[in-house]
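# Structure assessment
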Amino acid sequence: MDTTAIPTSVLMATTNEVLLDDLLRLAAAASITPLVEHELHGLRRSWHSCPLVVVGRDLAELLATRQPDHRPGVVVVGSALDGDELYRCAFDIGADAVFRLPAEEPALAGKLADTLDGGVRTALTLAFVGGCGGAGATTLASAVAVFGNRRGFRTMLIDGDPLGGGIELALGIERDDGDRWPKLLNASGRISAAALRSALPTVDGLAVLSWDQSDVTVLPPETMSSVLGAAQRSSDLVVVDLPRRADPAVEEGFIRAAATVLVVPRDVRSVAAAKRLVGPLRAVAGDLRVVTRESRVNGLAATDVASHLSLPLATNLGRERDLAAAMDQGRFDPRPRGPLARAATALLDLFGLLEAAAA
């Protein structure tokens, strides 16, 4: 991920150079360029200009003697040696929180990231998985993300399968600039949501996290957790395409999703394969539903498939001519009134992401 700092309105004020070095290090990790004040006059001048004010104990004590206006978004930072005096001066200036370094660095880093992200969003996260090979889960996941983005929802599409064909190939963005999963493999803890979104390639505003053509095939669960957390904080809709195989990173994707969509062709062999997945999926997916897809042979009724799998039927997906050939050429443009568009919009409606005119 690009570590170029993204400016934001965070004020850091202290005369303690050692403390300031620690604060600047945390700011850099969160991709924040803070406003720095080294003395009381500058702190008072900038007191109301920044959403978050981080004050060292040294200046907090001096500020308390001036009886500043109480405002939200103020935290006081000190060390474990400061004792109860740290809390007293925090109370005197109306601070929201106290952080003792280095023990509480992760909590302070989270506070900084929340400020950069502009508040915490509550993104709807949908996971897609095929009931068998070639079920069409990746295609449906891509369509849901594309049509969600077209409806005006801030959307991120995440390819969670390192052994899959690659969503970016289907979308025709494999040569576009931006980060892919291998660039993020060492990510853990709190990732800046704004920095993640700005680092990814986009398609008409849809942010996409996929795989490159490297040999990387393993995704640490800590990385999946951190990336999904950042995606959820910067989006209205997060769509995750996951493989059928079980590993800790994949399980993290299912656990973090509000709902999991199992895509199953309507033929006997596909339903039998999907049946074997239902039990393991129930253990990690809170809301599991099935989308049935029209099959070339042995066409079963959608309701019969759902009944056999003991899953709620979300919608049915018909076959869309010429789409596979178009995707091979890097063109993913489902017909607005075609079967894929109807299934994708039905899922968006089902989960409350309605068009503006219908909302």
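My aim in this report is to walk through the structure given alongside it, one point at a time. (Residues numbered from 1 in each chain as written. Predicted model: local features only at pLDDT ≥ 70, side-chain atom pairs only at ≥ 80, totals over all residues. Heavy atoms only, no water.)

Right, let's get into the pairing of strand β6 (residues 124-130). One face of the sheet, then the other: side chains in a regular strand alternate in exactly this way. Among the seven residues of β6, seven are classified as buried, and the element is accordingly described as predominantly covered. Of the two faces of β6, the one lined by L124, L126, F128 and G130 and the one lined by T125, A127 and V129 are each fully buried. Note: β6 against strand β10 (residues 237-241), five bridges, orientation parallel. Bridge pairing links A127 to V240 in β10. As paired elements, β6 and strand β11 (residues 259-265) share five bridges and run parallel to each other. The residue of β11 that forms the bridge with V129 is L262. (Buried < 20%, exposed > 50% of the residue type's maximum accessible area, 1.4 Å probe, protein only. Helix = DSSP H or I, 4+ residues; strand = E, 2+ residues; numbered from the N terminus. Pairing = 2+ DSSP bridges.)

Counting 42 residues, the largest nonpolar core has I158, W181, L196, F254, L262, V264 and L309 as the members making the most contacts within it. The element contributing the most residues to this core is helix α11 (residues 268-284), with six residues. (Core = buried A, V, L, I, M, F, W, Y, C linked by side-chain atoms within 4.5 Å.)

Further remarks concern helix α6 (residues 137-150). An ideal rise of 1.5 Å per residue puts 20 Å on 14 residues; α6 measures up with 20 Å between its terminal C-alpha atoms. Within α6, eleven of the 14 residues are buried, which leaves it mostly tucked inside the rest of the structure. Along α6, the residues that are buried comprise A137, L140, A141, S142, A143, V144, A145, V146, F147, G148 and N149. Downstream of α6 by a residue or two, G152 has a phi angle that is positive, lying close to 95 degrees. (Expected span 1.5 Å × (residues − 1).)

Covered by surrounding structure in strand β9 (residues 206-209) are L206 and V208 together with A207 and L209, the residues of both alternating faces. As judged from the three bridges shared by strand β7 (residues 155-159) and β9, these two strands associate in the parallel manner. Residue pairing for β9: I158 is matched across the bridge by L209. Here strand β8 (residues 202-203) pairs with β9 via two bridges, running antiparallel. Residue pairing across strands places T202 opposite A207, the latter belonging to β9. Once β8 ends, the chain turns through two residues before running back antiparallel as β9, passing D204 with a positive phi of about 55 degrees.

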